[in-house]
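# Observations on the three-dimensional arrangement
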Amino acid sequence: LFTGAVSHVAHSGGELQRSEMWRRNLVFYLPPTLLASGFAVLFRYYRLDAPPVGLLIGATGILGLYYVLQQTGRQNELIQLRQQETAARELRILQVFALAIGARERTNQRHLDRVSYYCLKLAEALQLKDDDREALRRAALLHDIGVLAVPEHILANAGGLSLEEFEKMKIHCEVGADMLEQMELDPRAVAAVRCHHERWDGQGYPKGMAGTEIPLHARILSVADAFDALTGERPYRPAMSVTDAAKRLTADAGSAFDPQIIALLRQH
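On a predicted model such as this, the values are computed, not experimentally measured, just so you know.

With that settled, consider the nonpolar core. Among the nonpolar cores identified, the biggest contains 42 residues, and C119, I220 and L249 are the most heavily contacted of them. Sequence-distant contacts of I220, that is, excluding residues within four places in its chain, are made with C119, L122, L126, L128, L136 and I261. Core analysis: the second largest hydrophobic core is formed by five residues, V150, I154, L155 and M169 among them.

Set out below in structure tokens:
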């Protein structure tokens, strides 16, 4: 039990959290650990010379262990409840950020909700683990947080951007990822935001990554974002039908997008 507590603390994030975990776990686990060790020693030396005493010590030790295990279960339930509350509170904060991004970028909350939905459905089709799906959902909500650093006149431009304006627009990937790093978000979410404008053929930005070099979460987000952009109305063009959007994305499979993810999008 004590070794498990030490391992749990060692893998906890944040200096303050680790300090608090050390305090709680040492206070909880150290006394019963020492007590159990004492019982083990007494049982070793008494069981041959005085069996009734040894049996009494052993029974007392078993009851003590049962009590400790019960308390451990309760503590674990409390920890899980606190983690769930913290995660829910963090998600609400991220949703507020997402609303601010949508207001600045002249999109709406439904765009972010739809991109999140498509990401999660693709992750489900790929059979990703729960923690991967959660990282992807957070990346989807905040994938354009970097637009807060893009000049207003560029975002308001309903026509095509000049080369200079496009270069300024491209900074939103790096800026957004840096912001999420400062917020200590899951590194997978950070990588997805940084790389969601990379292309399968290596012609994207900001790093010019290609193929499976691009993080999987970013490849999923790229497809989901493009699909919603095509099926949503924009100032410079009407919305495409789902069928036409799927055809457009399929035409770009192997160049802009991961062919496997495009195939899953069409299949589902």
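Once that is clear, we can look at the side chain of H111. Among the secondary structure elements, H111 is positioned in helix α4 (residues 109-125). For H111, a relative accessible area of 5% translates into the label buried. The contacts of H111, once residues within four sequence positions are left out, are H143, D225, D228 and R234.

It is worth spelling out helix α9 (residues 187-195) at this point. Every buried residue of α9 is accounted for by A189, V190, A192, V193, R194 and C195. In this structure, the buried residues of α9 make contact with α5 (130-142), α8 (171-182) and α10 (216-231).

The next subject is the state of the cysteines. Tallied over the full model, the rule gives zero disulfides. Not engaged in a disulfide, the cysteine C195 finds its nearest cysteine sulfur in C173; these two sulfurs lie 8.2 Å apart. Residue class for C195 comes out buried when judged on its relative accessible area of 5%.

So, on to the side chain of H217. When you line up the elements, H217 lands in helix α10. Take H217: its relative accessible area is 8%, and that puts it in the buried class. There is a polar contact of 3.3 Å between the side chain of H217 and the side chain of D132.

Attention shifts here to the packing of aromatic side chains. Evaluated as defined, the whole model comprises three aromatic pairs. Seen from their ring centres, Y117 and Y118 are 6.0 Å apart, and the 65° between their planes marks the pair as edge-to-face. Given a relative accessible area of 19%, Y118 falls into the buried group. Relative to Y205, the ring of F166 has its centre 5.8 Å away and its plane inclined at 90°; by these criteria the two rings are edge-to-face. Of the two residues, F166 is situated in helix α7 (residues 163-169) and Y205 in the loop between α9 and α10; the sequence distance between them amounts to 39 residues. What makes Y205 buried here is its relative accessible area of 14%. Among the aromatic residues, those joined into a cluster by ring pairs are Y117, Y118 and F227.

Criteria and thresholds
For every chain, the first residue of the written sequence is number 1, and numbering continues from 1 along that sequence. Confidence filtering applies because this is a predicted model: local features only for residues at pLDDT of at least 70, side-chain atom pairs given and counted only at 80 or more, and all residues used for totals across whole chains, interfaces and linings. In computing side-chain properties, one takes all heavy atoms of the structure into account and sets aside hydrogens as well as water. Take the buried residues of types Ala, Val, Leu, Ile, Met, Phe, Trp, Tyr and Cys, join any two whose side-chain atoms come within 4.5 Å, and each joined set is a nonpolar core. Partly exposed describes any residue whose relative accessible area lies between the buried limit of under 20% and the exposed limit of over 50%, with all areas from a 1.4 Å probe on protein chains only and scaled to the type maximum. In this analysis, two residues are considered to be in contact whenever any of their non-hydrogen atoms come within 4.5 Å of each other. The secondary structure listing takes helices from DSSP runs of H or I that are at least 4 residues long and strands from runs of E that are at least 2 residues long, numbered from the N terminus. By definition, disulfides here are pairs of cysteine sulfur atoms that lie within 2.5 Å. Polar contact is defined as a pair of N or O atoms within 3.5 Å, subject to the rule that within protein one atom must be able to donate a hydrogen and the other to accept it, and that residues adjacent in sequence are counted only when both atoms are side-chain atoms. Whether two aromatic rings pair depends on their centres lying within 6.5 Å, for rings of Phe, Tyr and Trp, where Trp uses its six-membered ring; planes under 30 degrees apart make the pair stacked, over 60 edge-to-face, and the rest tilted.

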